[in-house]
2 protein chains.
Amino acid sequence: MPIFSDRCRKAQTRMHETGIDYLFVSVGSDMFYLTGYSKKPSERLTLFVLPKNGDQSMVTAKFEAARLANVDQFYTVRTWDDAEDPMTILRTLVNPDKKATIGIDDQIWGIFVLRMQSTLPEARFVSAGPVLSQLRIIKDSHEISRLREMGRKMDKVYEKVVKLHFTGSTELDLAEQIQEIVKDQGLKPEYHAGIAGGPNGASPHHSTSDRVMEKSDGVWMELGCGGHVDGYWADKTRSVQVAPSTDTFRKTYEIVREAQQSAFEAIRPGVTCESIDAVGRKIITEAGYGEYFSHRLGHGLGLDIHEPPYIVQGNTMRLQEGMVFSDEPGIYLPGEFGIRIEDIVAVTKDGAERLYDSTHELIVVK
Amino acid sequence: MPIFSDRCRKAQTRMHETGIDYLFVSVGSDMFYLTGYSKKPSERLTLFVLPKNGDQSMVTAKFEAARLANVDQFYTVRTWDDAEDPMTILRTLVNPDKKATIGIDDQIWGIFVLRMQSTLPEARFVSAGPVLSQLRIIKDSHEISRLREMGRKMDKVYEKVVKLHFTGSTELDLAEQIQEIVKDQGLKPEYHAGIAGGPNGASPHHSTSDRVMEKSDGVWMELGCGGHVDGYWADKTRSVQVAPSTDTFRKTYEIVREAQQSAFEAIRPGVTCESIDAVGRKIITEAGYGEYFSHRLGHGLGLDIHEPPYIVQGNTMRLQEGMVFSDEPGIYLPGEFGIRIEDIVAVTKDGAERLYDSTHELIVVK
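Residues numbered from 1 in each chain as written. Chains lettered and ligands numbered in written order. Predicted model: local features only at pLDDT ≥ 70, side-chain atom pairs only at ≥ 80, totals over all residues. Heavy atoms only, no water.

Enquirer: Give me the lowdown on the overall build of chain A, citing residues and values where you can.
Expert: Counting its regular elements, chain A contains nine helices and 19 strands. In terms of overall dimensions, chain A is globule-like: its C-alpha atoms have a radius of gyration of 23 Å, near the 21 Å expected for 366 residues. Overall, the C-alpha framework of chain A stretches about 70 × 40 × 35 Å when taken along its three principal axes. A burial count over chain A gives 60% of its 366 residues as buried. Taking the contacts inside chain A whose residues are at least 6 apart along the sequence as the reference set, 66% of them involve residues at least 24 apart. Roughly 14300 Å² of accessible area belongs to chain A as shown, and the carbon and sulfur atoms make up 47% of that amount. Within chain A, one finds 43 positive and 53 negative side-chain charges whose respective centroids are separated by 3 Å. (Helix = DSSP H or I, 4+ residues; strand = E, 2+ residues; numbered from the N terminus. Rg over C-alpha atoms; globule rule 2.2 N^0.38 Å. Buried < 20%, exposed > 50% of the residue type's maximum accessible area, 1.4 Å probe, protein only. Contact = heavy atoms within 4.5 Å. Areas by Shrake-Rupley, 256 points an atom, 1.4 Å probe, with all protein chains shown as cover. Lys, Arg positive; Asp, Glu negative; His and termini not counted. Charge placed at Lys NZ, Arg CZ, Asp CG, Glu CD.)

Structure, rendered in structure tokens:
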């Protein structure tokens, strides 16, 4: 699989351009992107060290080195024992008496940052974002077809979810059932679906609860699915109403739908991230609900469920072909309900493609 | 629930003793310990700021503030909007022109550490461990009874697991079935059981695979269960043999069993962590398998699955009543099998209590 060594070469080119001498990449999406290796983060340091020139190393606990047999080892494996300090290995890889600029991955644990800073006191530690996020932000055709494939499965999930019996079920009951539906599609849910019914929906990151669904409840559902299909995530939200439907809900729903569609239509290479947020926000604001759309319009998605580009006011980054992100405006009315419609979209040569394709018509559920 | 404000007061006492002016605690087990609030880590900063004197603050995204309604808010909530930089709030809480020592939690994301360091250039950032780990390392009776309760459930899980049909099943099949058994006990598994059959068992952190169990395979099983019961973890390993049993396996099993038991019997307040590791290791080494026991004897467990105290060579920390950790020696024979026996134990006034109580007799499974 030369894909990983190719990515490392591209990272090295960016390192030369950005003045970064070494990348220190701990377990997580950046390590998976560069090496194909994944494991849960822990207090035992596992670190991929990529110098701008020369030999690459994977630092790992000795007893975990056997796990690396499952991936292409295009680097030197350097092991430490439970009774040793892995920082001593870093001092053999980077001269502690010389100034060096070291880029660290965003999600590396703080305790490692502090230990590295005291182990290599002459080094300057910076974010590896200018190297890694800038590579990861453009998805290649292989990645986009993976994400599209997950999208098709998530579409089928939604088709089945709207046939569930909502009235009288708790949010947690529904989340359990949705988890089974997600599994039936061959996806492995990493977390429970986020479900918010009635007034709970007014909190955009509501934690699924034991509240029972009532007649005419507005309900939003995050049909996410975690990092298991080759490491890529799915993130999809739909809002429905429990029968019987009401005019207020329907009217508000149409505003969110129009905002989501208009933002989608504005996406093309060359426009700024913040301009896409502004398009969706304008529609909601002009309808009088601006203060109830309390979050950004979207976020990038790939090996992380949230990653650049962020579609938010103040982000003047310009869209490029191959960027993938969510389009998810919402309106959250305290004491009443919340509505959010979210698709994942990919920037194409001259516009955008929805990777998810479920209807945006309001569905009234049982 | 004064439990959380009490813990904060205790932390403040330790801050005075250790010269730490502020704690910056991001989402995770430390935040849960101090405030009862939990959420998944993300690129949006949520930070509990505890000064050694004065007002406490929870910094959070504005649209997520509603989630805090579910917990006791004994602090000031300070919100930022998606279009704002949360670092500006930190500059209002800590004078950026003054020297201050700031303790950060071990698992805070590196990107936040770098941003904090540049936002507060006069501050010195250190590990919050001397404050927080030292509080968390001693479990109170409420915590121990929670952990004991989980232990009883994990004991029932093991009783059912040994009745499964191993021969012909894959590791992943078994992991799925074990997940259901764990759920039936009212526990919510956060990850698949780690199962390693035959030669796979030689890798102590083997990733559960589609290898099919064969006759006379040695099998170790990590029957873990994640952070869901009031935030506390369970971690339990047992090793079995698929019928028919063999002399080699049985003989090796007995060595691990004796090591595990002897280490347990050595636990009491006042002895060092490394001495407990040495007791178990000596038995395995004298039996000629020292090089095949490739990890530490144990790790603390509580709100994190791995936390202090670490039962490892070089750790001269002395045990105290209320410490809780794993006793889990193992022997891993390349190309053959692995054996590990793990219980969670609590240090008592004059010895130790096993919080898990399944048999250590070798069970031969179908």
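Enquirer: Kindly report on the relation of the copies chain B and chain A, identifying the contributing residues and their values.
Expert: Between the two copies, chain B and chain A, the superposition gives an RMSD of 0.0 Å; the rotation angle is 180 degrees and the shift along the axis is 0.0 Å. Here the symmetry operator amounts to a two-fold rotation axis. (Least-squares fit on C-alpha atoms with pLDDT ≥ 70 in both.)

Enquirer: So what's going on with the sheet that holds strand 6 (residues 124-127) of chain B? Which residues, and what values?
Expert: Residues and elements named next belong to chain B. Taking strand neighbours across the sheet as the criterion, the six strands line up as 4-3-2-1-5-6 in an open arrangement whose pairing is mixed. Of all the strands in the sheet, just strand 4 (76-80) and strand 6 have a single pairing partner and so form its edges. Recorded for the sheet is a direction-independent mean angle of 25 degrees between the axes of neighbouring strands. Pairing geometry for strand 1 (residues 22-26) and strand 5 (residues 101-104), over three bridges, is parallel. Paired with Phe-24 across the two strands is Ile-104, which belongs to strand 5. (Pairing = 2+ DSSP bridges. Axes fitted to C-alpha atoms, helices over the stretch in contact; angles between N-to-C directions.)

Enquirer: Any chance you could break down the sheet that holds strand 11 (residues 237-242) of chain B for me, citing the residues and the numbers?
Expert: Residue and element names in this part refer to chain B. Overall, mixed pairing links the four strands, which are arranged 7-8-11-19 in an open sheet. Single-partner strands in this sheet number two, and they are strand 7 (194-197) and strand 19 (364-365). Direction of pairing for strand 7 relative to strand 8 (residues 218-222): antiparallel, over a ladder of four bridges. Each bridged residue has a counterpart across the sheet, and for Gly-197 the counterpart in strand 8 is Val-219. On top of the sheet, helix 7 (residues 171-184) reaches strand 7 and strand 8; it is set at about 145 degrees to strand 7, its chief contact.

Enquirer: Tell me about the nonpolar core, residues and numbers included.
Expert: Residue and element names in this part refer to chain A. In this structure, Leu-23, Phe-48, Val-161, Phe-166, Ile-178 and Met-221 are the most contacted members of the largest nonpolar core, which totals 59 residues. No other element matches helix 6 (residues 141-161), which puts seven residues into this core. When residues of this core are assigned to domains, at least three map to each of domain 1 (2-136) and domain 2 (141-365). Among residues more than four places away in sequence, those in contact with Phe-48 are Cys-8, Leu-23, Phe-24, Val-25, Met-31, Leu-34, Thr-35, Gln-56, Ser-57, Met-58, Phe-74 and Tyr-75. (Core = buried A, V, L, I, M, F, W, Y, C linked by side-chain atoms within 4.5 Å. Domains from an automatic or database assignment.)

Enquirer: Give me the lowdown on the interface of chain B and chain A, citing residues and values where you can.
Expert: Counting residues at the interface gives 38 residues for chain B, matched by 38 residues for chain A. Together, the buried faces of chain B and chain A total about 3400 Å²; carbon and sulfur atoms form 55% of this surface. Looking at the side of chain B facing chain A, the largest losses of area belong to Phe-63, Leu-114 and His-205 of chain B, adding up to 18% of the total buried there. Viewed at the interface, chain A and chain B are joined by two salt bridges. With its nearest N and O atoms 2.6 Å apart, the salt bridge here joins Arg-296 of chain A to Glu-43 of chain B. At the boundary of chain B with chain A, the tally comes to 17 residue pairs in polar contact (both at pLDDT 80 or more). Elements with a contribution of two residues or more to the side of chain B that touches chain A: helix 4 (110-119), strand 6 and helix 7 of chain B. The biggest single contributor to the side of chain B that touches chain A is helix 4 of chain B, with five residues. Here the side of chain B that touches chain A is composed, by residue class, of 15 nonpolar, 12 polar and 11 charged. (Buried area = accessible area lost by both parts, 1.4 Å probe. Salt bridge = Lys/Arg side-chain N within 4 Å of Asp/Glu carboxyl O. Polar contact = N/O pair within 3.5 Å; in protein donor to acceptor, adjacent residues only side chain to side chain. Nonpolar A, V, L, I, M, F, W, Y, C, P; charged D, E, K, R; others polar.)

Enquirer: Explain helix 4 of chain B to me, using residue names and the numbers behind them.
Expert: By the criterion of burial, helix 4 of chain B is predominantly enclosed, with seven of the 10 residues buried. Among the residues of helix 4 of chain B, those classed as buried are Gly-110, Ile-111, Phe-112, Val-113, Leu-114, Met-116 and Thr-119 of chain B.

Enquirer: Summarise the pairing of strand 15 (residues 330-333) of chain A; cite the residues concerned and give the values.
Expert: Residues and elements named next belong to chain A. The side-chain alternation of strand 15 yields two buried faces, one formed by Gly-330 and Tyr-332 and the other by Ile-331 and Leu-333. Here strand 15 pairs with strand 16 (residues 337-340) via four bridges, running antiparallel. Opposite Tyr-332, over in strand 16, you have Gly-338 as the bridge partner. In this antiparallel pair of consecutive strands, strand 15 and strand 16, the connection spans three residues, and Gly-335 shows a positive phi of 80 degrees.

Enquirer: Give a detailed account of the pattern of salt bridges, specifying residues and quantitative values.
Expert: Residue and element names in this part refer to chain B. Applying the stated rule across the entire model yields 50 salt bridges over all chains. One salt bridge in this structure joins Asp-155 and Lys-236, with 2.7 Å as the shortest N-O distance. With Asp-155 in helix 6 (residues 141-161) and Lys-236 in the loop between strand 10 (232-234) and strand 11, this residue pair connects regions lying 81 residues apart in the sequence. Among the ionic pairs, Arg-354 bridges to Asp-343, the shortest N-O distance being 3.1 Å.

Enquirer: Kindly report on the side chain of Asp-30 of chain A, identifying the contributing residues and their values.
Expert: Relative to the assigned elements, Asp-30 of chain A resides in helix 2 (residues 29-35). The contact partners of Asp-30 of chain A, leaving out residues within four places of it in the chain, are Val-25, Asp-105, Asp-106, Leu-132 and Arg-136 of chain A.

Enquirer: Could you give an account of the packing of helix 8 (residues 247-266) of chain B against helix 9 (residues 273-286) of chain B, naming the residues involved and the relevant values?
Expert: Residue and element names in this part refer to chain B. As a packed pair, helix 8 and helix 9 sit with axes 8 Å apart at the nearest point and diverge in direction by 155 degrees. In terms of orientation, helix 8 and helix 9 fall into the roughly antiparallel class. The interaxial crossing formed by helix 8 with helix 9 has right-handed handedness. Between helix 8, through Ile-255, Glu-258, Ala-259, Ser-262, Ala-263 and Ala-266, and helix 9, the contact on the second element is made entirely by Ile-276, Val-279, Gly-280, Ile-283 and Ile-284. Split by residue class, the contact of helix 8 with helix 9 holds eight nonpolar, two polar and one charged. (Parallel < 35°, antiparallel > 145°, perpendicular 65-115°, else oblique. Left-handed = near helix turned anticlockwise from the far one by under 90°.)

Enquirer: Please set out helix 7 (residues 171-184) of chain A residue by residue, giving values where relevant.
Expert: In this model, helix 7 of chain A (14 residues) spans 20 Å end to end at C-alpha, consistent with the 20 Å of a helix rising 1.5 Å per residue. Immediately downstream of helix 7 of chain A, the backbone of Gly-186 of chain A shows phi near 80 degrees, a positive value. (Expected span 1.5 Å × (residues − 1).)

Enquirer: Which residues make up the domain arrangement of chain A, and what values do they have?
Expert: Residue and element names in this part refer to chain A. Domain boundaries assigned for chain A yield domain 1 (2-136) and domain 2 (141-365). For domain 1 versus domain 2, the distance between C-alpha centres works out to 35 Å. The partner domain 2 presents nine residues to the eight residues of domain 1 that form the contact. Carbon and sulfur atoms make up 49% of the surface buried where domain 1 meets domain 2, a total of about 640 Å² over both sides. Among the residues of domain 1 in contact with domain 2, Ser-29, Phe-32 and Arg-136 are the three that bury the most area, contributing 52% of the side total. Linking domain 1 to domain 2 there are three salt bridges. Between Arg-136 and Glu-307 there is a salt bridge, with its nearest N and O atoms 2.9 Å apart.

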